[in-house]
Amino acid sequence: MATGYLDILKAPSAARLLAGTLVGRLPSATGHIAIVLFIRAEGGSYTLAGVLTALYGITTAIGQPLLGRAVDLFGQPRVQLPAALVSALGMVLFAAVGTGTPALAYPAVALAGLFTPPLEGGLRALWPSVLGREDRVHRAYAMDAVAQEVMFTVGPLLVTLLVALWSPAAALLVINVIGVLGALSVVVSKPSRAWRSAPRQAHWLGALRSPGLLALLGAFLFIGMALGSITVAGVAYADDHGDESVYGWLMAALGLGALIGGTVYGSRQWTGVPERRLRGIVALLALCYLPLTLTPGVVAMTALSALAGVFLAPALACAFIVVDRHAPRGTVTEAFSWLVTTFGVGAALGTGVAGPAVEHSGTSASFAVAGAGGFAALLVLLVTQRVLKAPTGPSDATIRTENDRSGAAQPGFSSGHQA
């Protein structure tokens with residue numbers, strides 16, 4: 001299984017770009033945890049921690065597609081690094097003023113979120129020029145999804161370690177300094193400096209003028225909702241069993257399942273239309289959420305959590321391919337950033353729905369929100385089959401990837417070239 005991934009990482013700059021992007025995303029992957037720990041250490045309330053964490057998430061969701069559009073217009077180095085610096089300065093300001101000066105704390109957190117660099121979308125835009133062949137790019141998308149699970153597992157552990165060895169304020173500072181270094185590593189690389197988006201049609205909607213992309217975003221809003229509800233339902237399940245560590249086991253199992261699923265998915269050469277394959281994967285994802293409503297004993301529940309995670313990374317990897325196929329010409333970074341934003345908004349909605357479900361109907365009902373989200377996503381994909389058909393046009397067979405003007409990509413491999 002690992003042979004295909006090793007082949008990708010041997011490509012010039014591939015390992016550097018992946019590592020730099022993961023490191024650069026450390027602040028966004030751990031920011032909510034670091035903010036909560038810092039506020040609690042400062043004596044702030046859980047309410048304040050929740051509000052500032054939500055503010056960080058909302059501003060990040062707003063900033064990603066806007067910065068993604070800027071990357072498409074002006075290139076990666078001129079946007080990614082300045083954004084990373086401004087975001088880090090926002091967190092430095094927050095760490096300096098603490099919770100005693102709300103008039104500064106709120107804008108500082110908002111600034112950090114709004115300018116979080118769109119490194120995810122940037123990396124996916126670079127893969128075609130780095131890897132060339134379509135099958136390798138698709139495998140890189142799967143590897144990218146697996147790497148995300150590693151980051152969201154290791155990142156919180158790193159923050160916890162920094163807090164234990166130093167302080168919550170130091171944790172805020174260190175993860176943001178590391179994030180800037182990661183972004184710097186990416187933007188000074190040759191592929192990032194050379195990358196240019198294709199000429200784009202001026203349109204205020206940008207990537208959102210693609211019906212196929214809108215359909216995909218609608219589906220992943222509900223998948224994000226499913227995942228967000230599980231985080232709340234897992235806490236309720238742990239409370240029911242009187243052991244906070246149970247929550248950690250459930251989340252670790254969910255991540256492990258995603259790692260296994262993504263690794264297996266990326267090891268295969270897939271044929272057929274990815275839009276059709278995505279519907280099958282999302283159907284399996286939804287089905288695997290349903291057994292969680294049984295809420296059995298801890299060992300069985302941990303196993304069910306792992307099963308629930310198996311099809312998440314494949315769904316994301318396949319979605320990256322669909323985004324690439326449906327993004328209007330010259331909007332590929334923005335389109336990938338919209339997927340990140342939509343998924344995050346869905347997760348926030350999921351946590352908001354699962355909370356009342358626990359209070360009114362119990363833990364099983366909160367897990368049912370995940371199943372409902374999965375099937376709602378499948379319904380969106382089924383209803384929008386017509387607009388999610390493969391983009392067609394007279395130039396599709398000859399057009400090159402917009403990320404590779406030198407012609408290194410496999411002929412016929414379209415990357416965001418739908419008119």
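Just so it is clear, the model here is predicted, and its values are computed rather than measured. (Residues numbered from 1 in each chain as written. Predicted model: local features only at pLDDT ≥ 70, side-chain atom pairs only at ≥ 80, totals over all residues. Heavy atoms only, no water.)

(A) Inspection of unusual backbone geometry at higher detail. Phi at serine 13 is positive, roughly 75 degrees, even though this residue is not glycine. Counting through the fold element by element, serine 13 comes out in the loop between α1 (2–9) and α2 (14–24). Taking relative accessible area as the criterion, serine 13 reaches 28% and is therefore assigned partly exposed. Even without being a glycine, threonine 295 presents a positive backbone phi close to 40 degrees. Here threonine 295 lies in the loop between α13 (274–289) and α14 (298–309). (Helix = DSSP H or I, 4+ residues; strand = E, 2+ residues; numbered from the N terminus. Buried < 20%, exposed > 50% of the residue type's maximum accessible area, 1.4 Å probe, protein only.)

(B) View of empty space enclosed by the protein. As enumerated under the stated definition, the model contains two cavities of 30 Å³ or more in all. Of the volumes computed, that of the largest cavity is approximately 70 Å³. Among the elements of the structure, α3 (26–41), α5 (77–97) and α9 (168–187) are those that each provide at least two residues to the lining of the largest cavity. Residue contributions to the lining of the largest cavity peak at three residues, all from α9. Looking at the lining of the largest cavity residue by residue, the class counts come to four nonpolar, six polar and no charged. (1 Å grid on protein atoms, 1.4 Å probe; cavity = no way out; pocket = protein on both sides within 12 Å on 5 of 7 lines; lining within 4 Å. Points joined across faces, edges and corners; volume = space filled by probe spheres on them. Nonpolar A, V, L, I, M, F, W, Y, C, P; charged D, E, K, R; others polar.)

(C) Quick look at the nonpolar core. The biggest cluster of nonpolar side chains holds 104 residues, and the ones touching the most others in it are Phe94, Trp127, Phe220 and Tyr289. Looking at which element gives the most residues to this core, the answer is helix α11 (residues 211–240), with 13 residues. (Core = buried A, V, L, I, M, F, W, Y, C linked by side-chain atoms within 4.5 Å.)

(D) Local environment of the pattern of salt bridges. With the rule as written, the count across this model stands at five salt bridges. Aspartate 144 is the salt-bridge partner of arginine 124, the closest N and O atoms lying 2.8 Å from each other. Remark: aspartate 144 occurs in helix α8 (residues 134–165) and arginine 124 occurs in helix α7 (residues 119–131); sequence separation between them is 20 residues. Neither residue differs from the other here; arginine 124 and aspartate 144 are each classed as buried. The salt bridge partner of arginine 325 is glutamate 275, with a shortest N-O separation of 3.0 Å. (Salt bridge = Lys/Arg side-chain N within 4 Å of Asp/Glu carboxyl O.)

(E) Here's a closer look at the packing of α7 against α8. As a packed pair, α7 and α8 sit with axes 9 Å apart at the nearest point and diverge in direction by 150 degrees. Classified by the angle their axes make, α7 and α8 are roughly antiparallel. Note on packing geometry: the crossing formed by α7 with α8 is right-handed. Between α7 and α8, the contacting residues are Glu120, Leu123, Arg124, Trp127, Pro128 and Leu131 on the first element and Arg136, Val137, Ala140, Tyr141, Met143, Asp144 and Gln148 on the second. Of the residues belonging to the contact of α7 with α8, the class tally is eight nonpolar, one polar and four charged. (Axes fitted to C-alpha atoms, helices over the stretch in contact; angles between N-to-C directions. Parallel < 35°, antiparallel > 145°, perpendicular 65-115°, else oblique. Left-handed = near helix turned anticlockwise from the far one by under 90°. Contact = heavy atoms within 4.5 Å.)

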